[in-house]
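Observations on chain architecture
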Amino acid sequence: MDTEAVRSFVRAAELGQLRHAADELGVTQQAVSKRIAALERELDVRLFTRTARGVELTLDGQAFLPHARHVISGVDRAVTAIRPGSRALRIDVLGLRSAQAVVLHDYWRSHPETDLDVVTLRVNDPLLAVAAVRAGDIDASFRSVPDPAALPSDVQMIHAFHSPLELLVGPRHPLAAARTLTPAQLLRHRIWVPGIAPRSEWADFYDRLAADFDLHVDAAGPNFGNEVLLDVLADSDDVATLVGSRDRYIWPTNHDLRRIPIANPTLAYPLSLLLPRTNPHPGLRAIINHFAGLAPPPEPIWLPSWATTSRLGDGNRDDDGDIERTRR
């Protein structure tokens with residue numbers, strides 16, 4: 001059924017004249033008349049009778065009108081749900097306890113009028129997130145593409161914020177009493193990050209981190225979730241893991257886990273945002289400005305070479321990866 005014909009019927013019924021309906025819909029009176037005639041043929045009933053004053057509903061037209069209104073309302077809601085600028089701002093995060101979700105929640109608490117839809121794509125390859133942005137399934141994704149050449153020209157990767165890493169250990173770990181640590185103090189300690197997915201940005205991140213600081217990053221074993229990881233840390237005297245300073249973790253009090261900042265340099269995970277290069281959702285600007293107001297990590301900072309410094313509105317792509325690994 002032609003929904004525009006149904007819309008023309010509804011407006012003609014409500015306004016009582018085909019000419020008024022045509023003016024409101026931005027078409028000719030003849031077009032409205034043809035649409036209604038086609039709808040009557042499809043339904044095999046007469047919906048209107050013509051009078052000197054305009055049109056009046058037949059009994060069939062009166063019976064059809066409330067259902068037609070429902071059809072048009074459903075179509076309008078469906079279009080609103082997917083049209084950038086009119087639907088909720090849809091942003092992909094790696095997890096609902098991740099730093100990205102925490103920062104978005106902080107923003108929403110300060111701006112509860114924001115129509116925000118936070119989703120998790122549950123994909124490891126950042127290029128799949130790129131494809132979702134290109135298709136319009138999401139407005140933005142907290143992902144990074146380590147190889148700038150793989151980023152299509154119609155998608156941009158901009159800097160969101162840096163997430164400093166902390167060492168998370170149980171009370172029996174040799175480093176448990178430390179207030180802060182340097183990367184050099186992590187040497188020869190097992191850092192367990194189970195289930196690092198091949199081709200993921202975090203696989204590249206940990207490879208570079210381990211290579212630059214000669215760290216023992218162990219990805220062995222499947223990832224059974226944060227709860228299992230925290231249980232292992234609580235009982236271990238030799239296993240640690242790395243977490244973001246803004247990541248949300250909750251554990252039983254008797255676990256007595258410790259989050260220890262790492263400095264000189266600060267090891268930072270660069271959080272980027274993938275979004276369309278043209279016509280991004282208008283709600284993104286305020287959120288990106290919120291990111292700019294976050295406190296930066298303590299200097300000096302180590303970042304992987306693919307960390308971008310581009311921001312929304314920059315004219316050039318940050319394709320050369322020319323960024324110091326340690327900023328002083």
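Provided above is the structure to which this section pertains.
Residues numbered from 1 in each chain as written. Predicted model: local features only at pLDDT ≥ 70, side-chain atom pairs only at ≥ 80, totals over all residues. Heavy atoms only, no water.

What follows is about unusual backbone geometry. Along the chain, Asn 264 connects to Pro 265 via a cis peptide bond; the corresponding omega equals 0°. When you line up the elements, Pro 265 lands in the loop between strand S10 (258–261) and strand S11 (266–276). Within the chain, Arg 188 stands out as a residue other than glycine whose phi angle is a positive 70°. Its location among the elements puts Arg 188 in the loop between strand S6 (155–169) and strand S7 (190–192). (Helix = DSSP H or I, 4+ residues; strand = E, 2+ residues; numbered from the N terminus.)

This part is about the nonpolar core. Judged by nonpolar contacts, the single largest core of 47 residues is most densely connected at Phe 142, Leu 167, Leu 209 and Phe 291. Going through the elements one at a time, strand S3 (89–92), helix H5 (99–110), S6, helix H7 (201–213), strand S9 (239–244), S11 and helix H9 (284–292) are the ones with two or more residues in this core. Counting 18 residues, the second-largest nonpolar core is a separate cluster that includes Val 10, Leu 47, Leu 65 and Ile 72. (Core = buried A, V, L, I, M, F, W, Y, C linked by side-chain atoms within 4.5 Å. Buried < 20%, exposed > 50% of the residue type's maximum accessible area, 1.4 Å probe, protein only.)

Applying the stated criterion across every chain yields a total of 13 salt bridges. Among the salt bridges present, the one from Asp 117 reaches Arg 90, with a minimum N-O distance of 3.5 Å. Taken together, the residues Asp 117 in strand S4 (residues 116–119) and Arg 90 in strand S3 connect sequence positions 27 residues apart. Note that Asp 204 is salt-bridged to Arg 208, the shortest N-O span being 2.5 Å. Taken together, the residues span about one helical turn, with Asp 204 and Arg 208 both in helix H7 at a distance of four residues. Overall, the relative accessible area of 23% leaves Arg 208 in the partly exposed class. Several salt bridges share partner residues, and in doing so they unite Arg 11, Glu 14, Glu 24 and Arg 69 into one network. (Salt bridge = Lys/Arg side-chain N within 4 Å of Asp/Glu carboxyl O.)

All of the buried residues along H9 are Leu 284, Ile 287, Ile 288 and Phe 291. The buried residues of H9 all sit within an arc of 100° when viewed along its axis, so they share a single face. The secondary structure elements touched by the buried residues of H9 are S3, H5, S4, strand S5 (140–141), S6 and S11. (Arc of directions from axis to C-beta. Contact = heavy atoms within 4.5 Å.)

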